[in-house]
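Understanding the architecture of this molecule
These are the residues of each chain, in order.
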Amino acid sequence: MAEAGDDAGGATGVAGLAATVLAEEERRDHERSATTEVVLPDDLLPGVGGDAMSLRQAIGTGGASTLVALGFARLIDGFDNTAMSVLAPDIQETLDVSDTVMGAIGGAFGILFLLGSIPLSTLADRHPRKLIAAVSMALWAVVVFATGLVQSAFWLFIARLGTGISQSYALPVNGPLIADTYPIEARSRVFATYGSFEVAGRVLAPLFAGSIAGLVAGPESWRWVFFVSAALGVPAVFLLLRIREPRRGRNEMQSVLGEVLDEDEGELPISISVAFERLRRIRSFYFFLTGMAALGFALFSIPLFLNLYLEDELGLSAWERGVFGALVAIPGVAALAIAGPRADRLFRRSPAAAVAFVGAMIAGFGVFIVVGLYMPNVVLLGVFYAIGVALSQAAFITVVSVTSSVIPYRLRSRGTAMVGVYVFLFGGFFGAVLTGMLTDAIGRRSALTLIVIPSTLIGGALISYGARYIRRDISLCVEELLEEKQEADRLREEGAAVPAIQVRNLDFSYGSVQVLFDVNLDVATGETVALLGTNGAGKSTLLRVISGLGVATRGVVRLHGRTITYCDPELRARIGIVQLMGGNATFASLSIEENLRMAGFLYDGDDLDRRTAAALERFPALAERRRTAAGDLSGGQQQMLALAMALMHEPEVLIIDELSLGLAPIMVQELLKTVQELREHGQTMVIVEQSLNVALAVADRAVFMEKGQIRFDGPARELAERDDLARAVFLGGTGS
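Right, let's walk through the structure included here. (Residues numbered from 1 in each chain as written. Predicted model: local features only at pLDDT ≥ 70, side-chain atom pairs only at ≥ 80, totals over all residues. Heavy atoms only, no water.)

**Section: the pattern of salt bridges**
Per the stated rule, a full pass over the model turns up 36 salt bridges. Put simply, Asp180 and Arg412 hold a salt bridge, and the shortest N to O gap is 3.0 Å. Here the residue Asp180 occupies a position in helix 8 (residues 170-181), and Arg412 occupies one in helix 19 (residues 412-442), the gap between them amounting to 232 residues. Comparing Asp180 with Arg412 shows no difference in burial state: the two are buried. Between Arg626 and Glu593 there is a salt bridge, with its nearest N and O atoms 3.9 Å apart. (Salt bridge = Lys/Arg side-chain N within 4 Å of Asp/Glu carboxyl O. Helix = DSSP H or I, 4+ residues; strand = E, 2+ residues; numbered from the N terminus. Buried < 20%, exposed > 50% of the residue type's maximum accessible area, 1.4 Å probe, protein only.)

Here it is in structure tokens:
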């Protein structure tokens, strides 16, 4: 009774904590500066409103091969995973390991599942996904076979690492492949069917593991479960190779644009770090990620430690645990059959309602699991556990469908891999280890209660909270597609020019403070553009986003027509965008020549020597003092050296932030002379300047920014004639 009272008090405290977190987030949300919210009408949101589509129609459109191949692969994946859970006590006895060690081994799977999904998401965005799945499945078969051969806990740990990395294709490949193959109108139904293969695996796998362990005599009969599982991987590999590879983003394009755009053969690689940062700025997806991180503490602890509880506390044998696992998984099939059509209907009517539905199901999942632990017999435990599992199935097929709608198609594989980061790293591994430690201290039932209740209640609340942003986030994906189509149509027009730099619909925030609002800017090849404005107007921030040092919340950046929105700063530097930062941009302890060679780290050999010699030839004052330490130079000479370092890259676009900042007039004139020479040779430049006179001296065009928005874009001389804007530049005031 005391234990139950403590658990109830803990649940109340968890609910209070969740309410406090959400109230604080709501307060911060109300305090945010006004933003350029984009919420489109329902008829422009893919999958919202419109007509229903049956599963038969969806499969008729996308074909059955993808669904069958991916589903069968996940079914036999479950054989291996379930075998580890069902046979954990037998493996413990053979290898002589504690609950804590088994928890760590279970968590090892999650670590490599995570670490493998990240690089595989990079491959999945650039190479045929069916090949990635087939190769991964072949590796899985080898590693699972090796699991049956292990003789110590150490080698079991290594084998589970291998199993995790071989299964890591599932996150970045399967969901995006299904989303691109089958129409949006029946997406939840399709994911429910895919999920039914996994549930079937959970139903069959315990029987499979228990049967083989029962048929093969001896204390190490569990090894044969892994041998037979590995053999099933062979037909799965051949099925995966027969999949038809769809165009990425095909269904969104068809729904929004009425056509499928041609793939950009020259599209640049997407940076993992930039993609992850952009994805974190999708509000509904961010709350989904944090909710899944909390939920991860329960997801991996429940199956492993529940089986240990069934054996030690209720006395179930391997066969009986197999039967229990199969029976409690069966209601999941019914849950999927009901939830798939319902989720599609909910999403058509209100995407926010679909997300709230997910949160409620997750919270219910945790409650039913824990209540079942306190039932007096295995039958009642099984009833509550089965209901909890069914609720989790309904939640997960809905959430996969919904999150596919808020992630830009270019980032879909990265987005699903990011789910792995949050679930398995933040929740899965630490959850399994923590549950093992608590089990050794207070018993399995109490340990599961302390882990499952907080993780599911907080996780469900966070996911539900993100529902308020879902329509906005879908709208942003649609806006990106519409802009891509508009640009493609423009380029097909006769005589259409391709800007050197193109910025469209750009928003940027520092944390919760938005500083750029719907910025649009074109810079023609060979043009010099001056960015002017008051302090804090967003000039330098815009340059940082163009050069890749800042990740936009919304919008697109292109270089010569190629999308670089998701490229990291190093790649942008390699393809021609170089930024000269204001202030001290040199290495004080290095000589002038060493600074130049350091700046040319992307090059080597004769190429580096040539670039260094050209930089010194352009700046004779530096050549004369090439052995002098940069720290011994004047401020103007250091700025000259910084400019020489930027020119080492022979940039397509040179970005200069505050060229004249703090310099003597004579040095400003010398630097302006160099900039003017670059302009005459056709160098494309974007220059941030506080001085209107300096801007007028070098710029073809002036852009005036105020409070994160462009207020003027035109000839530089015309800006000088605008008294209100000129006054703002000179005096730092606000134009009227």
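Back to the text.
**Concerning the environment of Ile442**
Locating Ile442 in the fold gives a position in helix 19. Take Ile442: its relative accessible area is 42%, and that puts it in the partly exposed class. Setting aside residues no more than four positions away along its own chain, Ile442 makes contact with Ala447 and Leu450. (Contact = heavy atoms within 4.5 Å.)

**Notes on the pairing of strand 1 (residues 501-510)**
Summarising burial for strand 1: nine of the 10 residues are buried, a large majority. By the bridge criterion, seven bridges tie strand 1 to strand 2 (residues 513-523) in an arrangement that is antiparallel. By the bridge assignment, Tyr510 is partnered in strand 2 with Val513. Connecting the antiparallel pair strand 1 and strand 2 is a turn made up of two residues, with Gly511 showing a positive phi of about 65°. The sheet contact formed by strand 1 and strand 4 (residues 554-559) spans five bridges and is antiparallel. Note on strand 4: the bridge partner recorded for Val503 is Val557. (Pairing = 2+ DSSP bridges.)

**Observations regarding the sheet that holds strand 1**
The antiparallel open sheet is built from four strands, whose spatial order is 2-1-4-5. Among the strands making up the open sheet, the edge pair consists of strand 2 and strand 5 (562-563). Taken strand by strand, helix 21 (residues 470-492) contacts strand 1 and strand 4, and its axis lies near 30° from that of strand 4. Helix-sheet contacts for helix 22 (residues 539-547) involve strand 1, strand 2 and strand 4, and the interaxial angle to strand 1 is about 115°. (Axes fitted to C-alpha atoms, helices over the stretch in contact; angles between N-to-C directions.)

**What to know about the sheet that holds strand 3 (residues 528-533)**
Strands sit in the order 6-7-8-3-9-10 across an open sheet of six strands; the sheet is mixed. Looking at the sheet topology across the chains shown, the edges are occupied by strand 6 (577-580) and strand 10 (709-715). Taking the axes of each pair of neighbouring strands and ignoring which way they run, one obtains an average angle of 15° across the sheet. Summarising the sheet, strand 9 (residues 701-706) and strand 10 pair through six bridges and their orientation is antiparallel. Of the residues in strand 10, the one forming a bridge with Arg701 is Pro715. Along the sheet, helix 28 (residues 665-680) contacts strand 3, strand 7 (653-657) and strand 8 (684-688); its crossing angle with strand 8, the most-contacted strand, is approximately 145°.

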